[in-house]
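# What the coordinates show
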Amino acid sequence: MEKVFGRPKSFIDVPLSFCPGCSHGIIQRLVAETIDELGIQDKTVGVGGIGCSSCRFFDVDNIGSAHGRAPATASGVKRARPDMVVFTYQGDGDCTTIGGNEVIHAAARGEKITVIMANNTNFAMTGGQKSATTLLGQRTTTTQDGRQAERDGMPIRMAEMLALLDGAAYVARVSVHDNANIAKAKRSIKKAFELQIAGAGFTFVEVLSTCPTNWGLTPIESAKRVEKEVAAYYKLGEMKVPEEVA
Amino acid sequence: MAGKRILMKGNEAVAEAAVRAGCRYFFGYPITPQNEIPEYLSKRLPEVGGVFLQAESELAASYQLYGGAATGKRCMTSSSSCGISLKSEGISYIAAAEVPCVIVDMSRRGPGIGGLQPTQSSYRQATKGGGHGGYRCIVLSPGSVQEAANLMVDAFDLADKWRNPVYIYADGLIGQVMEPLELPEMIDVEKLPQKDWALTGKGGRERNIVTSGVSEEKFMYLNFDKYKKIEAEEQRWVDKDLEDAEYVVAAFGTVGRIAATAVDRIRKATGKKIGFIRPITIWPFPKEGFAKIPDTVKGIMVIEANGGQMVDDVIQTVKGKFPVYFEPTYGSLMPTTEEVMSMIEKLGTGKEVLW
């Protein structure tokens, strides 16, 4: 019998360590499917950040960077091996809060890398503290009465910021809260990898992600929160597309 | 150019020596007094098919270095004391992940923004690790431009041999002075051994993972196997006239070079039996060199351009066998030979200062 669906070749066959209802498994699968479909498993390097995000489930050469520094590490890998396909997999705490500078400058330099940022609006691995992307009013363990603009500042829309930079070739924000959006997210991730391979410049895909454990919601409620609240602030779509593929 | 003596500024000699040692990738951030290194390499590396990348920060440079060197290519960065502080997070990761690379520290004076003057204030940072976790870096300390150029080649070889970051620790004088030297031969990078752990794309093999994660096994290996072996095998120093010495002077780097001349002059002028030792590896500290000091020696004087840092390693090394005296040189410039001679002449007069 023909097997028509299975685990991507570029995804290690082990149980994932993510909480039930967390989006990381879906997002990482989409990245692994992309690597398989583009036939680049043998020349891809994954660069992991710190947090629930990492590259340990990808069956490609990979390197663990420090908190926020994955775009710098990826820049070093790519400069030394321009023939490789290099991506980072980071969370919002990693990529926006502590690593804002590294991702901005990697984008500005037009580093030919792909940054995947899973945005679950909190520091998940450390137990759900406020991150730079935590929404106003959102309760976290360090904003127990909800994030307040006056005290905690405003959330950062990283995709919109990066789209302003001339070095960024492709910038999109997608979501994986339902099947239609998963399909769109896959197209964006694949487009980012294809544009990297084509040498277009820096490519960035922010993926809105659930965090049922730290949000105190069920997986289904979490998906609904992404659709109704998170995507209301973090608008989905392509912020920047090279003219020839627009 | 090998074999021909040319005049070159220390920073540029170090940069050219790095290229000749096979370094093709530089990641760094501007800071005085080492700017001629990135400036030189920004022009030179593209000529040999390499890449110069000016980073957005010292911190980012350390992670670019981590990524570049993780591909197995010879990579380096350079900075100076306060810049090394900013890089120290990355250097800790690099050491933990056992990624070979070279870091040049043309150090400056004091903590904070400090001062630009050539001193040896960051000995402790270089030798004890500026970052967290108790990692070790091999630290080579040159006393001249020629030696700095030679040690650059050794630094890349040692980095690869031990899969470990290696420092060249010098001062602004070595970086800024022009001296005649013979540059090392250009090596063929294609002939360097392959690194089977490196990120090269998994093509046909199991994936390689470069990680700074430290398991119990790795912790034991680093601390009680690798670092111990480096200590046993890589100590380097220069010594002179230890056999008949009554006193011994110990100094490293530029101060070591000045002290060597001062000791020579005193010996010749007065016949006073002063021995001399100049550590070249300041980690691993050359304990074997100090073990050569005869039991009859009455004391060791350590001279440094700082508030007293290597002197602690000397005391730890001689374990109370000899009194250890300290003389700081703390002016805006390196001391003259005469100034160092007047320090050494205190030996045996009761004016020496016990540390």
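Residues numbered from 1 in each chain as written. Chains lettered and ligands numbered in written order. Predicted model: local features only at pLDDT ≥ 70, side-chain atom pairs only at ≥ 80, totals over all residues.

A separate point is the overall build of chain B. Looking only at helices and strands, chain B has twelve helices and 15 strands in total. Taking 355 residues into account, the globule formula puts the C-alpha radius of gyration at 20 Å, and chain B, at 20 Å, falls close to it. If one aligns the C-alpha atoms of chain B with their principal axes, the spans along those axes are about 70 × 45 × 40 Å. With 355 residues in all, chain B has 56% of them scored as buried. Here the analysis covers contacts within chain B between residues at least 6 apart in sequence; of these, 81% occur between residues at least 24 apart. (Helix = DSSP H or I, 4+ residues; strand = E, 2+ residues; numbered from the N terminus. Rg over C-alpha atoms; globule rule 2.2 N^0.38 Å. Buried ≥ 20, exposed ≤ 12 C-beta atoms within 10 Å, placed from the backbone. Contact = placed C-beta atoms within 7 Å.)

Bringing the overall build of chain A into the picture now. When you go through chain A residue by residue, the secondary structure sums to nine helices and seven strands. Against the compact-globule benchmark of 18 Å for 246 residues, chain A has a radius of gyration of 17 Å, which places it among compact chains. Across its three principal directions, the C-alpha atoms of chain A cover 50 × 50 × 35 Å. When the 246 residues of chain A are sorted by exposure, 57% land in the buried category.

Okay, the sheet that holds strand 15 (residues 324-328) of chain B next. Residue and element names in this part refer to chain B. What the five strands build is an open sheet, ordered 10-12-11-14-15; its pairing is mixed. Strand pairing shows two members of the sheet lacking a second neighbour, strand 10 (237-240) and strand 15, which therefore form its edges. When the angles between neighbouring strand axes are averaged without regard to direction, this sheet yields 20 degrees. Taken together, the five bridges between strand 14 (residues 299-304) and strand 15 define a ladder with parallel strand orientation. Bridge pairing in strand 15 links Met301 to Tyr325. (Pairing = 2+ DSSP bridges. Axes fitted to C-alpha atoms, helices over the stretch in contact; angles between N-to-C directions.)

For the rest of this paragraph, the subject is the packing of helix 1 (residues 10-20) of chain B against helix 6 (residues 145-162) of chain B. Residue and element names in this part refer to chain B. Where helix 1 contacts helix 6, the two axes come as close as 8 Å, and the packing angle between them is 25 degrees. Here helix 1 is positioned roughly parallel relative to helix 6, judged by the angle of their axes. Considering the relative orientation of helix 1 and helix 6, their crossing is right-handed. On helix 6, the residues touching Gly10, Ala13, Val14, Ala17, Ala18 and Arg20 of helix 1 are Val145, Ala148, Ala149, Met152 and Val153. (Parallel < 35°, antiparallel > 145°, perpendicular 65-115°, else oblique. Left-handed = near helix turned anticlockwise from the far one by under 90°.)

Residues and elements named next belong to chain B. Taken domain by domain, chain B holds domain 1 (5-233) and domain 2 (238-344). Taken together, the contact between domain 1 and domain 2 spans 25 residues of the former and 21 residues of the latter. Secondary structure elements with two or more residues in the side of domain 1 that touches domain 2: helix 5 (123-128), strand 6 (138-140), strand 7 (165-171), helix 7 (172-176) and helix 8 (216-233). Element by element, the count of residues in the side of domain 1 that touches domain 2 is highest for helix 5, at four residues. Here the side of domain 1 that touches domain 2 is built from residues that sort into 13 nonpolar, eight polar and four charged. (Domains from an automatic or database assignment. Nonpolar A, V, L, I, M, F, W, Y, C, P; charged D, E, K, R; others polar.)

This part covers the nonpolar core. Within the largest apolar cluster, 171 residues are counted, with the highest numbers of intra-cluster contacts made by Ile116 of chain A together with Val14, Ile168, Val249, Ala259 and Val302 of chain B. With ten residues, the top contributor of residues to this core is helix 6 of chain B. Looking at which domains feed residues into this core, each of domain 1 (5-233) and domain 2 (238-344) of chain B supplies at least three. Counting residues in hydrophobic clusters, the runner-up holds six residues, among them Cys22, Ala124, Cys211 and Trp215 of chain A. (Core = buried A, V, L, I, M, F, W, Y, C linked by C-beta atoms within 7 Å.)

Okay, the interface of chain B and chain A next. Listed as interface residues are 32 residues of chain B and, on the opposing side, 28 residues of chain A. Residue assignment for the side of chain B that touches chain A shows that the elements contributing at least two residues are strand 2 (25-28), strand 3 (51-54), helix 3 (58-70), helix 4 (81-97) and strand 9 (209-210) of chain B. Each residue belonging to the side of chain B that touches chain A can be placed in one class, and the counts come to 14 nonpolar, 13 polar and five charged. Here strand 2 (residues 61-64) of chain A runs beside strand 9 of chain B; their pairing, made up of two bridges, is parallel. The residue of strand 9 of chain B that forms the bridge with Ile63 of chain A is Val210 of chain B.

It helps to recall that an α-helix has 3.6 residues per turn; residues three or four apart then point in one direction. All names here are of chain B. Helix length check: helix 9 (residues 253-270), at 18 residues, gives a terminal C-alpha distance of 26 Å against a target of 26 Å (1.5 Å per residue), a fit within 8%. Buried residues of helix 9: Gly253, Thr254, Val255, Gly256, Arg257, Ile258, Ala259, Ala260, Ala262, Val263 and Ile266, and no others. Just past helix 9, the residue Gly271 takes up positive phi, approximately 75 degrees. (Expected span 1.5 Å × (residues − 1).)

Within a beta sheet, neighbouring strands are joined by backbone hydrogen bonds and run either parallel or antiparallel to one another. Strands sit in the order 7(A)-5(A)-6(A)-4(A)-3(A)-1(A)-2(A)-9(B) across an open sheet of eight strands; the sheet is mixed. The sheet terminates laterally at strand 7 (237-240) of chain A together with strand 9 of chain B, the two strands that pair on one side only. Bridge analysis of strand 1 (residues 44-48) of chain A against strand 2 of chain A gives four bridges, and the strand direction is parallel. Counted as the bridge partner of Gly48 of chain A is Gly64 of chain A from strand 2 of chain A. Lying over the sheet, helix 1 (residues 24-38) of chain A contacts strand 1, strand 3 (85-91), strand 4 (114-119) and strand 6 (202-208) of chain A, oriented at roughly 160 degrees with respect to strand 4 of chain A.

It should be kept in mind that the predicted coordinates are not to be read in detail where pLDDT is low. Averaged over all residues, the pLDDT of chain B equals 96, while 99% of them reach at least 70. For this predicted complex, the interface confidence score (ipTM) comes to 0.95, while the overall pTM stands at 0.96. (pLDDT = per-residue confidence, 0-100.)

Residue and element names in this part refer to chain B. Of all seven residues in strand 7, seven are buried; the element is thus mostly enclosed. Side chains of strand 7 alternate between two faces, with Pro165, Tyr167, Tyr169 and Asp171 and Val166, Ile168 and Ala170 buried alike. Pairing between strand 5 (residues 101-107) and strand 7: seven bridges, direction parallel. Looking at strand 7, one finds that Ser107 is bridged to Asp171. In the classification by handedness, the crossover that spans strand 6, the intervening helix 6 and the parallel strand 7 is right-handed. (Right-handed = clockwise from strand over helix to strand, strands pointing away.)

Packed helix pairs are specified by the crossing angle of their axes together with the interaxial distance, meaning the distance between the axes. Direction vectors running N to C along helix 2 (residues 70-80) of chain A and helix 3 of chain B enclose 40 degrees, while the axes themselves pass 6 Å from each other. Classed by the angle they form, the pair helix 2 of chain A and helix 3 of chain B counts as oblique. Taken as a pair, helix 2 of chain A and helix 3 of chain B cross one another with a handedness that is right-handed. Across from Ala72, Thr73, Ala74, Ser75, Gly76, Val77, Arg79 and Ala80 of chain A in helix 2 of chain A, the residues of helix 3 of chain B making contact are Ala60, Tyr63, Gln64, Leu65, Tyr66, Gly67, Gly68 and Ala70 of chain B. Looking at the contact of helix 2 of chain A with helix 3 of chain B residue by residue, the classes come out as nine nonpolar, six polar and one charged.

What follows covers unusual backbone geometry. It is generally the case that most residues other than glycine have a negative phi and that most peptide bonds are trans. Residues and elements named next belong to chain B. Following Thr32, the chain continues into Pro33 via a peptide bond in cis, with omega recorded as 10 degrees. Tracing the backbone shows Pro33 in the loop between strand 2 and helix 2 (36-47). Of note, the amide linkage connecting Trp283 to Pro284 takes the cis form, showing an omega dihedral of 0 degrees. The backbone phi angle of Glu98 is positive, close to 55 degrees, even though this residue is not glycine. Relative to the elements of secondary structure, Glu98 occurs in the loop between helix 4 and strand 5. What makes Glu98 buried here is the crowd of 20 C-beta atoms within 10 Å. With a phi angle near 45 degrees, Arg163 is a residue other than glycine that sits in the positive phi range. By the element assignment, Arg163 lies in the loop between helix 6 and strand 7.

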